[in-house]
Amino acid sequence: MRPVSLKLDATNHNSNYSRFSKLIALTLIVTLKTVLLSGQSKLSQQDLAFSRVPSPILFANRYMSSADNTYAVTELSFNTAADEYATCMYQKSLVVVSNRKLNRRTILGQSDYKLLGFTQQKSTWSVPYLLPGVFTGKTNHGGITFNKNGTQVFFTKTLSTPNTYALFTAHKSTSYNHLWRDEKQIIVAASGFSIENPWLSTDGKLLYFSSNMPGGFGGYDLYAVQVLSNGIVGKPYNLGAQINSSANENFPSLNLDNTQLYFASDRKEAIGGYDIFYAFTDTKSYSAPKNMGTTINSSSNEIRFIPTSSTSGYFSSNKNSLSRTMNVYAYEKVAAAAEFSTSSQQD
């Protein structure tokens, strides 16, 4: 189409100019509305949909964090040729599940997979120590999580079947600070199904875990259960199709303010085997999960994202081409592709 001619009749200059100004203004309004509607449409097509209506604060957090982040990743010095994967922080120690042997004196009393504590000392890590008491024995130990003040623990270990884990809880002794008492099994699934890698929310109200119990969407699904004031748990519930898939979801965790859920999955959106995904949450609803990206994930397996601040923490992977076993890595967020808050200030 030819451009509109700007030639005006001298006798009708003001009238034509007025009509032309109105035409320009109308065109701008229509264009602006189209852009806004298009933006709303794009937002609705992205992963902004919740299984329920989200809170305004949650929506704001999600929108501001929609950009892909870049992370600096470092393999930790205590890794060996054995398997090591980090499961949680306890006091100042990073708790690691490992099948390494500690020393000859205790080798006969050690399980295959055990819980080890590592304490960071400036740029190095301490010699690992075996978590004592209820965390020892000849059965394999798996994921573990502590409440904020370190007085209650939820942990997993095998019973009669090597790869089927059961959920337990215990309380710290009031007489001996390093010991735990009142060990009890928590029954949240029928016998024969595995309960794995628990994670307790910072406020201690929700316990997340993974299980292959019946009624899920695939192999392993993510579940949550309310922790009552007396430390007893309620009835577990599946996190739903917004989080779970026909594949496997495992290794749940949360950021420090309980607004982001992290988990590992081998769903079709994964780059490799298991990738780490994240979703925003208000503990009742969840956004559509997003892949953490290639600075965290690889063609290998990445599991158990453990935030220790808003920008740093740990995860585990077998991406090391020499060992091909699980190793622990530190991450630190170094950049973001774009931030909504920045663009808003420029506007």
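Throughout, residues of each chain are indexed from 1 in the direction in which the sequence is written. Under the rules for a predicted model, residues below a pLDDT of 70 receive no local features and side-chain atom pairs below 80 are neither given nor counted, while totals for whole chains, interfaces and linings still include all residues. The side-chain values count all of the structure's non-hydrogen atoms but skip hydrogen atoms and water molecules.

## Points about the confidence of the model for the protein chain
Heads up, the rule is: Confidence scores per residue from the predictor, reported as pLDDT, run from 0 to 100. In what follows, residue pairs with any heavy atoms lying within 4.5 Å of each other are defined as contacts.
Of the residues in the protein chain, 75% reach a pLDDT of 70 or more, and the chain-wide mean stands at 81. Here residues 1-67 scores under 50 on pLDDT; set against residues more than four positions off or in separate chains, the count is 46 contacts. Within the model, pLDDT remains below 50 along residues 338-347, and this stretch shows 5 contacts once partners closer than five positions in the same chain are excluded.

## As for the nonpolar core
Here is the rule: As used here, the term nonpolar core means buried Ala, Val, Leu, Ile, Met, Phe, Trp, Tyr and Cys residues forming a set that is joined through side-chain atoms within 4.5 Å. Buried, partly exposed and exposed residues are distinguished by accessible area as a fraction of the type maximum, computed with a 1.4 Å probe on protein chains only: under 20%, between the cut-offs, and over 50%, respectively.
By size, the foremost hydrophobic cluster in this structure holds 46 residues, and its most contacted members are Leu-94, Phe-135, Ile-144, Phe-146 and Leu-261. If sequence neighbours within four positions are ignored, Leu-261 has contacts with Tyr-208, Leu-222, Leu-239, Ile-243, Pro-252, Ser-253, Leu-254, Phe-277, Tyr-278, Ala-279, Thr-281 and Tyr-286. Counting residues in hydrophobic clusters, the runner-up holds 14 residues, among them Phe-154, Val-188, Ala-189 and Val-227.

## Things to note about the sheet that holds strand S10 (residues 180-186)
Applicable threshold: By definition, two strands form a pair when at least two bridges between them are found by DSSP. Counting from the N terminus, the helices are the DSSP runs of H or I reaching at least four residues and the strands are the DSSP runs of E reaching at least two. Every axis corresponds to a line fitted to the C-alpha atoms, with the helix fit spanning only the stretch in contact, and the corresponding angles, defined between N-to-C directions, vary from 0 to 180 degrees.
If you trace the 4 strands from one edge of the open sheet to the other, you get S7-S8-S9-S10, paired in antiparallel fashion. Both edges of this open sheet fall to strand S7 (141-146) and S10, since each of them pairs with a single strand only. Direction aside, the axes of adjacent strands within the sheet are offset by 25° on average. Judged from the 5 bridges that link them, strand S9 (residues 165-172) and S10 form a sheet pairing that is antiparallel. Directly across from Phe-168, in S10, lies its bridge partner Gln-185.

## With respect to the pairing of strand S15 (residues 249-254)
Of all 6 residues in S15, 6 are buried, a share of seventy percent or more. Pairing between S15 and strand S16 (residues 260-265): 4 bridges, direction antiparallel. Along S16, the bridge assignment pairs Glu-249 with Ser-265. Here S15 hands over to S16 after 5 residues, with Asn-258 in that stretch at a positive phi of 60°.

## Details of unusual backbone geometry
Not every positive phi belongs to a glycine, and Asp-182 is a case in point at roughly 55°. Classification of Asp-182 by relative accessible area gives partly exposed; the value is 42%. One non-glycine residue with positive phi stands out, namely Phe-251, at about 55°. Position of Phe-251 relative to the elements: it lies in strand S15. Look at Phe-251 and you get buried, because its relative accessible area is 12%.

## Side note on the sheet that holds strand S18 (residues 290-291)
Across the sheet, 4 strands lie side by side as S15-S16-S17-S18; this open sheet has antiparallel pairing. One side of each edge strand has no neighbouring strand; the edge strands of this open sheet are S15 and S18. In this structure, S16 lies alongside strand S17 (residues 275-280), joined through 6 bridges in antiparallel fashion. Paired with Leu-261 across the two strands is Ala-279, which belongs to S17.

## Quick notes on the pairing of strand S4 (residues 114-121)
Of the pairings in the sheet, the one linking strand S3 (residues 93-98) to S4 comprises 6 bridges and is antiparallel in character. The residue bridging Val-95 from the neighbouring strand is Gly-117, located in S4. Both S4 and strand S6 (residues 129-130) contribute to a ladder of 2 bridges, which runs antiparallel. Across the sheet, Leu-116 pairs through a bridge with Leu-130, a residue of S6. From the end of S4 to the start of strand S5 (residues 124-125), which pair antiparallel, there are 2 residues, and Lys-122 there has a positive phi angle of about 55°.

## Re the environment of Leu-222
Its location among the elements puts Leu-222 in strand S13 (residues 221-226). With relative accessibility at 0%, the residue Leu-222 sits in the buried group. Between the C-alpha atoms of Leu-222 and Tyr-208, which are 14 residues apart in sequence, the distance is 7.1 Å. Apart from the residues lying within four places of it in its own chain, the contact partners of Leu-222 are Phe-209, Ser-210, Tyr-237, Asn-238, Leu-239, Ile-243, Asn-244, Glu-249, Asn-250, Pro-252, Leu-261 and Phe-263.

## Re the pattern of salt bridges
We apply this condition: By definition, a salt bridge exists where a carboxyl oxygen of Asp or Glu is found within 4 Å of a side-chain nitrogen of Lys or Arg.
This structure, assessed with the given rule, holds 4 salt bridges. Of the charged contacts, one joins Glu-84 and Arg-100 as a salt bridge, the two residues approaching to 3.0 Å between their closest N and O atoms. Of this pair, Glu-84 sits in strand S2 (residues 84-90) while Arg-100 sits in the loop between S3 and S4, and the two are 16 residues apart along the sequence. Exposure class is identical for Glu-84 and Arg-100. Each is buried. With a closest N to O distance of 2.2 Å, Asp-182 and Arg-181 form a salt bridge. Using a relative accessible area of 36% as the deciding quantity, one classes Arg-181 as partly exposed.

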